[in-house]
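Summary of the model geometry
Spelled out, the chains give:
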Amino acid sequence: MSLAVVHSRALDALQAPEVTVEVHLANGLPSVTLVGLADTEVKEARERVRAALQNSGLEFPNNKRITVNLAPADLPKESGRFDLPIALGILAASGQIDAARLAQYEFAGELSLSGELRPVRGALAMALALHRSGAGSGRALVLPHASAQEAALACGMAGDMSSAMTGGLRIHGAAHLLDVVRALLPGDVEPADALPLAHAAPSPVREPGADLRDVKGQAAAKRALEIAATGGHSALMVGPPGTGKSMLAQRFAGLLPALTHDEALESAAVLSLTGAFSADRWAQRAFRSPHHTASPVALVGGGSPPRPGEISLSHHGVLFLDELPEFPRAALEGLREPLETGRIVISRAARQAEFPARFQLIAAMNPCPCGHQGSPLRACRCTPDVVARYQGRISGPLLDRIDVQVEVPAVPAAALAAAPDGEATEVIAARVSRARDRAMQRQGCANAALTGDALDRHCALDAAASKFLQAAAARLGWSARSFHRVLRVARSVADLAGSGPITVAHLAEAIQCRRVLSVG
Ligand SMILES: [Zn+2]
């Protein structure tokens, strides 16, 4: 046998496309050639593989012409993830391991010079890709230990439901090249016995997050967040400093239902691309709150190779942008497309990378640079011009994509002290959950995602409601986009009320959830 084929996977944004590593040994001038658009790092693999084999007491065929082909040729193949497959290909082609057994596995792992396996990026993405490509291949995944534990999240953490869904995906962890080799020696030993199955750490006990009950007063803002959570609407809170905007935002994720297994996997897979995933955060909605000094690339994604930005790291979670007008204009404008599509396409040279970015935007801002415009407690020092410029930093098109807008006013201390305790997160979340279920059963998506025909169908109004909305639109000079936005929010209000039809009362509340800025 002088030709061996080993299965592996590349990492292309969140995709982990299959890569075939072919190793051919021939007589002739001794050499090692790597083909298939291998970059510098892959070429370094040649030296690592040689050292790892020799230091592990295995034979490197020094007297042969070795050709390694990574196919397909046009995939990005950064990092040392192909060290292990290349080493195994050489061993199989030179008859040191059983080539037939290789076919049952996919491998990835970087080798140290002594043959130890080092973790690879995006292990969870690989496991998901293998799972999605259909358990039809029946292949198991062999990864360095730490990577295998991460990838094993795809098979087990959520209990019984997931084992059915993952259809018997098997992931093995190995610490050293020799562990893998032992499992692939010709003979009677079953490979599965030589390589232990990897298990994800047990599901952590969910820590209850901070409770909305901690925020005194601000009933209107809490109601707006309840509506936003129900429909998946983005929300903007406007008010002076110290009124609880950040506290409210930090408690928002508590209103959202638990992640489904698939959502938990997608979220973890994106986080694992940057090493931001930790197993004790499994199945919890991401809450990201980048500072306003964050660059557009940090916020939206980019770089080479392309990395996900905050909007992707908060996939299926909450992206909180405090002091919204202070963010760079380019960063804010970069939010527009993903807010519509739930994904971001990053173009670099000839390649495109796509990351999921279905985040829920919760933004907060002061009404003016000094922060006190409209406050009964302190006088605002800003001229109308200055206020207009400040609010104008949020472009109309971006504002148009924020369905729910609410004022979070300053409240005198005495009034605050007298305010009754608000509802607990748990109570509001239960209402949100029922309303969301209603929407999903009716239309299969969140209300914020309703467009076109589906919007017309599920937000149909009777004559009285229609007349009311038309009058409001004419009076306030709405664009078609604003009109649709109010309809979607009204749908969420109706769902919270358990109502099929959208009534005038639902519309009236939806109309209140916008136009909080004095300009724009
Ligand atoms: Zn001011």
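The present account deals with the structure reproduced in this document. (Residues numbered from 1 in each chain as written. Predicted model: local features only at pLDDT ≥ 70, side-chain atom pairs only at ≥ 80, totals over all residues. Heavy atoms only, no water.)

A few points about the packing of aromatic side chains
- Per the stated rule, a full pass over the model turns up 2 aromatic pairs.
- When the centroid spacing of 5.7 Å and the interplanar angle of 40° are considered together, the rings of tyrosine 105 and phenylalanine 107 count as tilted.
- Overall, the relative accessible area of 3% leaves tyrosine 105 in the buried class.
- A relative accessible area of 1% places phenylalanine 107 in the buried class.
- With a centroid separation of 6.2 Å and 25° between ring planes, the pair formed by phenylalanine 287 and phenylalanine 320 is classed as stacked. One end of the pair, phenylalanine 287, is in strand β11 (residues 287–288); the other, phenylalanine 320, is in strand β14 (residues 318–321), with 33 residues separating them in the sequence. (Phe/Tyr/Trp six-rings, centres within 6.5 Å; stacked < 30°, edge-to-face > 60°. Buried < 20%, exposed > 50% of the residue type's maximum accessible area, 1.4 Å probe, protein only. Helix = DSSP H or I, 4+ residues; strand = E, 2+ residues; numbered from the N terminus.)

Some points on the nonpolar core
- Ranked by size, the top nonpolar core spans 64 residues in total, and within it Leu143, Ile171 and Leu335 carry the most contacts.
- No other element matches helix α4 (residues 123–132), which puts 8 residues into this core.
- Among residues more than four places away in sequence, those in contact with leucine 335 are Leu299, Ile311, Leu319, Leu321, Phe359 and Leu398.
- Counting residues in hydrophobic clusters, the runner-up holds 47 residues, among them Leu212, Val215, Phe252 and Ile502. (Core = buried A, V, L, I, M, F, W, Y, C linked by side-chain atoms within 4.5 Å. Contact = heavy atoms within 4.5 Å.)

What to know about helix α9 (residues 219–231)
- Over its 13 residues, α9 extends 19 Å from the first C-alpha to the last, a length consistent with the 18 Å expected when each residue adds 1.5 Å.
- Burial analysis of α9 places 10 of its 13 residues in the buried class, which makes it a mostly covered element.
- Burial in α9 covers these residues: Ala221, Lys222, Ala224, Leu225, Glu226, Ile227, Ala228, Ala229, Thr230 and Gly231.
- Positive phi shows up at glycine 232, right after α9, with a value of about 70°. (Expected span 1.5 Å × (residues − 1).)

Taken by themselves, the reported measurements are silent on function.
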